[in-house]
Amino acid sequence: MTKYLLLKHYRGDHDIAAEPLTPMDQWTPEEIGAHIQFMHDVADEFRALGEFVSAEGLSPEGTFVRYDGDGRPPVTDGPFAETKDLIAGWMIVDVDSEERAHEAAARLSAAPGPGGRPIKEWIEVRQFMAAPSTITD
Amino acid sequence: MDDLLRALMPQVLAVLVRRGTDFAAAEDAVQDALIEAMRRWPEQIPDDPKAWLITVAGRKVIDAQRAEGARRRREQRMHGEPPPGPTEQQDDTLLLLSRCCHPALTPASAIALTLRAVGGLTTAQIATAFLVPEATMAQRISRAKRTISGEQFNRPGDVRAVLRVLYLIFNEGFTGEIDLAMEAIRLTRQLAAATRDPEVDGLLALMLLHHARRAARRSAAGELVPLAAQDRALWDTGMIAEGVRILQAALAADRIGEYQAQAAIAALHDDAPTVDETDWVQIVSWYDTLLTLTDSPVAALNRAVAVGECDGPVAGLAALGRVDSALPRWHAAAAYLHERSGDLHEAARLYAVAAAKASSELERDHLTRQAARLNSGAAAPPAQ
C-alpha cells in the first residue's frame, strides 16, 4: 500500500531507452496511435487491479523560475536547455511492494515504438514519503 | 438511522455468510437491502430492523440466483427460515472478520474489505482515507471479494491473521476525515466482546494505550514530538486506565502473546508521570519476553534503545550492533545513543543519515532538526 511515482522522460543525462530512439515526429501516425493506446490500456490494467492513482502528460516546453528579491519579478530561465533531463509525464500507482512497482514500470517501458517493437525506455521509479505509523515504540 | 444501518449491515452479512451464501453474493444482497431500507425506512422504521434486513437481503439472494438460473433449492429453503434470535450473534464477528482477513488476500485488500464489509465505511470514505480514486478502491474491494468467494470456509479462521490486519489499520492513524485508528479500536472491541482470546484483548489494550497519547504526538506547528519529549498532561488518562485494566485481565489468563507483551511495554511508558520516571528495567524485561514470542527485528531495535536507557548508551550501542543496520530507524537509534554517550559529532552525522533514510516527511524533518541542533552547538568537523 505504498504510492510510487513512475516518470517518463523525453530525454535525460543517460540513454532514455535500451536502444537509440527516433523522435516521435518521425514515427508513422499508426505507430504513434498504438503507443498512446498502449498507455491508456496499461492505465486500465492498473485500474482493474485496484492500483491506479493518476496519470498526466506534460508539455515538452517549460522554464525554470526563481525568486529574485523583494518587489522584483520572478526570474525565468528557459526554455529547457537541450542537455537537461526533461520529464514527459507520470503515472502514480498504489502497490503492495517495490517489486510490484518495478513490474508496473516495466509494463510502461514496453510501450510500442517504431515497427511496433517495445521501446524499453527507462522509467524512473520514486517512492512517496508516507505518513509515519502510529506504533513505533 | 445511518448509525443503526451501519451497525446492522455487518451483522446481516454475517448471518447470510454463516448460512452458506457465497461471500460476494451475500455482500451484493446486503447492499441492495441497504438501498431498499434507505428508501422505505424514513417513512417507518420496522419493529425489528435486523430481521427486516435479513429477510429482504435473503430475498435478494434468491432473486439473484433465479436471475442466474442457478439450481439452489436447498439455499431457498434455508433462506425461508424465520429471522434469528439474539443468541445467533455470538460467533459472527470473528467469522466475518476472518473471512475479510483471509491469508489469500494481500494486506491492502484485507484492510479495504474489512473496512467495507465489517466497518461499514463507504468505498468513497475508504478511498479518501488511503488517497486513491474511488474507482480504484472499488476495484480493490471487488477483487478481494472474488478472491475469497472461491475459498472454503468450514470454521472461523485464524485470529492471528485478523489481529495483523486490525493492527495495520490502527497504524494508519488519522488521514483527513476518517479516523482509522478509532475504526480499528471499534472493530477490535467488537472482536474482543465476541471471543475469549487474551491476544485480542492484548491488541485492544495496545491500541488504547497508544491512542491515549495522540494529542501529544504533534506540536502546534504539526511537527513530530517523540515520546521522551511529549507533554504527558495531554495524555488521555481515562483511556490509559481502560487499557491497563484490559491488559491486566488478559495477562491473568496466563496465555502470553506478542500483543500482550507490546501492550505491557506501552503501559509502562504510560505509567510514568515524567520520562525520567520510566521503569526501563521492566521495559527491557518485557522486550526480552517479546523476543521469545516473535523474532521481529523492530522489537530487537527498540530493546536496544531500552537497554541504553537501563544500562547506559555503551550497552545500548552494543545491543544495537547485533541488529541489522538496514532496518528503518536503526540510524536514528544509533544517533540517539551516540548523543547520550557524548559523541555529538557522530550523533549529528548519524541523524543526517537517518533523515535521508526516513520514509515519512515528519520523521525526516524531525531528524534533520536533531542533526542541525547538534551541528549548531558542536565543534567544527575535522578538515576533509
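Nothing here was measured: the structure is a model prediction, and the numbers come from that model.

Rules of the game
- Counting restarts for each chain, with residues numbered from 1 along the sequence as it is written.
- Here every chain gets a letter starting at A, and every ligand a number starting at 1, in the order they are written.
- Only residues with pLDDT of at least 70 get local features here, since the model is predicted, and only at 80 or more are side-chain atom pairs given and counted; chain-wide, interface and lining totals rely on the full set of residues.
- In computing side-chain properties, one takes all heavy atoms of the structure into account and sets aside hydrogens as well as water.
- Elements are defined by DSSP. Helices are runs of H or I of four residues or more, strands are runs of E of two residues or more, and each kind is numbered from the N terminus.
- With a 1.4 Å probe rolled over the protein chains alone, any residue whose accessible area is under 20% of its type maximum counts as buried; one over 50% counts as exposed, and the rest are partly exposed.
- Two residues qualify as a contact provided that any one of their heavy atoms is within 4.5 Å of a heavy atom in the partner residue.
- Here the Shrake-Rupley method, with its probe set to 1.4 Å, supplies the accessible areas, and only the displayed protein chains count as covering residues.
- The working definition used for a salt bridge is a side-chain nitrogen of Lys or Arg within 4 Å of a carboxyl oxygen of Asp or Glu.
- By buried area we mean the combined loss of accessible area, with a 1.4 Å probe, across both parts when two parts are placed together.
- Polar contacts, as used here, are pairs of N or O atoms within 3.5 Å; protein pairs need one atom able to donate a hydrogen and one able to accept it. Residues neighboring in sequence count only if both atoms are side-chain atoms.
- All residues other than Ala, Val, Leu, Ile, Met, Phe, Trp, Tyr, Cys, Pro, Asp, Glu, Lys and Arg, Gly among them, are scored as polar; the first ten of these are nonpolar and the last four charged.
- Axis geometry follows a simple rule: fit a line to the C-alpha atoms, using only the stretch in contact for helices, then measure angles between N-to-C directions, giving values from 0 to 180 degrees.
- Every angle not falling under 35 degrees, over 145, or within 65 to 115 is termed oblique; those three ranges are roughly parallel, roughly antiparallel and roughly perpendicular.
- A clockwise turn of the near helix away from the far one marks a right-handed crossing, whereas an anticlockwise turn of less than a right angle marks a left-handed crossing.
- A pair of strands is treated as paired once DSSP finds two or more bridges between them.
- Grouping into patches uses exposed residues only, defined as over 30% relative accessible area, and leaves out salt-bridged ones; the cut-off is 9 Å for like charges and 5 Å for nonpolar side chains (Val, Leu, Ile, Met, Phe, Trp, Tyr).
- Residue count minus one, scaled by 1.5 Å, sets the expected span of a helix.
- Charge assignment in this entry is limited to Lys and Arg as positive and Asp and Glu as negative, and neither His nor the chain termini are counted.
- Here a Phe, Tyr or Trp ring, Trp counted by its six-membered ring, pairs with any other such ring whose centre lies within 6.5 Å, and the pair is stacked when the planes are under 30 degrees apart, edge-to-face when over 60, and tilted otherwise.
- Distance and angle both matter: a charge sits over a ring if NZ of Lys or CZ of Arg is within 6 Å of the ring centre and within 35 degrees of the ring normal.

K.L.:
Explain the overall build of chain B here, please?
P.N.:
The number of helices and strands found in chain B is 19 helices and 2 strands. For the C-alpha atoms alone, the extent of chain B along its principal axes is close to 85 × 45 × 40 Å. Looking at chain B residue by residue over its 384 residues, the buried ones come to 50%. Long-range pairs, those at least 24 residues apart, make up 60% of the contacts in chain B with a sequence separation of at least 6. When the accessible surface of chain B is totalled, it reaches about 18600 Å², and 51% of it is carbon and sulfur.

K.L.:
Whenever I open this one, the pattern of salt bridges confuses me. Can you help?
P.N.:
Think of it this way: side chains of opposite charge can pair up when their charged atoms draw near. Scanning the entire structure with this criterion turns up 28 salt bridges over all chains. When the shortest N-O distance is used, the salt bridge between E45(A) and R107(A) registers 2.8 Å. With E45(A) in helix α1 (residues 29-48) and R107(A) in helix α2 (residues 98-109), the pair connects residues that are 62 residues apart, well separated along the chain. Residue R107(A) is classed as partly exposed on the basis of its relative accessible area, which comes to 32%. Put simply, K145(B) and E27(B) hold a salt bridge, and the shortest N to O gap is 2.8 Å. You can see K145(B) sitting in helix α8 (residues 134-149) and its partner E27(B) sitting in helix α2 (residues 23-40), a full 118 residues away along the chain. The same class applies to K145(B) and to E27(B), which are both buried. One salt-bridge network, held together by shared partners, links E51(A), R100(A) and E103(A).

K.L.:
Is there a simple way to think about the interface of chain B and chain A in this case?
P.N.:
When the parts of a complex come together, some accessible area is lost, and that lost area is often used as the size of the interface. Across the boundary between the two partners, chain B contributes 34 residues, which contact 21 residues of chain A. Buried surface at the junction of chain B and chain A, both sides included, amounts to about 2300 Å², of which 54% is carbon and sulfur. One can count 1 salt bridge joining chain B with chain A. Among the salt bridges present, the one from R140(B) reaches D94(A), with a minimum N-O distance of 3.0 Å. Inspection of the region where chain B meets chain A yields 9 residue pairs in polar contact (both at pLDDT 80 or more). For the side of chain B that touches chain A, the secondary structure elements donating two or more residues are α6 (107-117), α8, α9 (159-172), α11 (198-211), α13 (258-271) and α19 (361-377) of chain B. When its residues are assigned to classes, the side of chain B that touches chain A shows 13 nonpolar, 11 polar and 10 charged.

K.L.:
Which parts of the structure should I look at to understand the packing of helix α12 (residues 237-252) of chain B against α13(B)?
P.N.:
To characterise two packed helices, one gives the angle between the axes of the helices and the distance between these axes. All names here are of chain B. Between α12 and α13, the least distance of the axes is 10 Å, while the angle of their chain directions is 140°. Here α13 runs oblique to α12, going by the angle between their axes. Judged by the twist between their axes, the crossing of α12 over α13 is left-handed. Across the interface between the two elements, I240, V244, L247, A250 and L251 from α12 touch Q260, A263, A264, A267 and D270 from α13.

K.L.:
Explain the sheet that holds strand β2 (residues 52-57) of chain A to me, please; I cannot follow it from the model alone.
P.N.:
Strand pairing in a sheet relies on backbone hydrogen bonds. The paired strands run either parallel or antiparallel. Residue and element names in this part refer to chain A. Taken in spatial order, the 4 strands of this open sheet run β2-β5-β1-β6, and their pairing is antiparallel. In this open sheet, the two strands that pair with only one neighbour each are β2 and β6 (124-127). Strand-to-strand twist in this sheet, taken as the mean axis angle between neighbours without regard to direction, amounts to 20°. Pairing analysis gives 5 bridges linking β2 to strand β5 (residues 86-95), with the strands arranged antiparallel. Along β5, the bridge assignment pairs F52 with V93. Where α1 meets the sheet, it contacts β1 (2-11), β2 and β5, and its direction lies at approximately 20° from that of β5. Packed on one face of the sheet, α2 meets β1, β5 and β6 and runs near 30° to β1.

K.L.:
Is there a simple way to explain a nonpolar patch on the surface in this structure?
P.N.:
Residues and elements named next belong to chain B. Taken together, the side chains of M1, L4, M38 and I45 make up a nonpolar region of the molecular surface, amounting to roughly 330 Å² of accessible area. On the secondary structure map, L4 appears in helix α1 (residues 2-18). Accessibility expressed as a relative area gives 33% for L4, which makes it partly exposed.

K.L.:
Just to check I follow, could you spell out helix α14 (residues 280-293) of chain B for this structure?
P.N.:
Three or four residues apart is the spacing at which side chains of an α-helix point the same way, because the helix has 3.6 residues per turn. Its 14 residues give α14(B) an end-to-end C-alpha distance of 20 Å, which sits within 8% of 20 Å, the value for a rise of 1.5 Å per residue. Each element contacted by the buried residues of α14(B) is listed here: α12, α13 and α15 (297-311) of chain B.

K.L.:
Looking at this structure, how should I read the side chain of R116(B)?
P.N.:
Assignment of secondary structure puts R116(B) in helix α6. Although R116(B) is buried, it forms no salt bridge, and the closest oppositely charged side chain is E27(B) at an N-O distance of 5.1 Å.

K.L.:
Quick question: what am I supposed to make of the packing of aromatic side chains here?
P.N.:
For any pair of aromatic rings, geometry is given as the distance between the ring centres together with the angle between the planes. All names here are of chain B. Tallied over the entire structure, the rule returns 2 aromatic pairs over all chains. On the basis of an interplanar angle of 45° and a centroid distance of 5.8 Å, the ring pair of Y167 and Y259 is categorised as tilted. Taken together, the residues span a long stretch of sequence, with Y167 in helix α9 and Y259 in helix α13 at a distance of 92 residues. Positioned above the aromatic ring of W235 is the side chain of R213, whose terminal nitrogen or guanidinium carbon lies 5.7 Å from the ring centre.

K.L.:
What is the right way to look at the packing of α9(B) against helix α10 (residues 180-194) of chain B in this model?
P.N.:
All names here are of chain B. Here α9 crosses α10 at 155°, and the two axes come no closer than 6 Å. Of the possible angle classes, the one that applies to α9 and α10 is roughly antiparallel. Note that α9 runs across α10; the crossing there is left-handed. Across the interface between the two elements, V162, L163, L166, I169, F170 and E172 from α9 touch L180, A181, A184, I185, L187, T188 and L191 from α10. Partitioned by chemical class, the residues of the contact of α9 with α10 number 11 nonpolar, 1 polar and 1 charged.

K.L.:
Help me understand α9(B), please; the structure alone is not making it clear to me.
P.N.:
Residues and elements named next belong to chain B. For α9, built from 14 residues, the straight-helix expectation of 20 Å at 1.5 Å per residue is met to within 8% by its first-to-last C-alpha distance of 20 Å. Extensive coverage of α9 is indicated by the burial of 10 of its 14 residues. When α9 is considered as a whole, its buried residues turn out to be V159, A161, V162, L163, V165, L166, Y167, I169, F170 and N171. The inward-facing, buried residues of α9 contact α5 (92-100), α6, α10, α11 and α13. Two to three positions downstream of the cap, the backbone nitrogen of R160 sits 3.1 Å from a side-chain oxygen, assigning the N-cap of α9 to D158.

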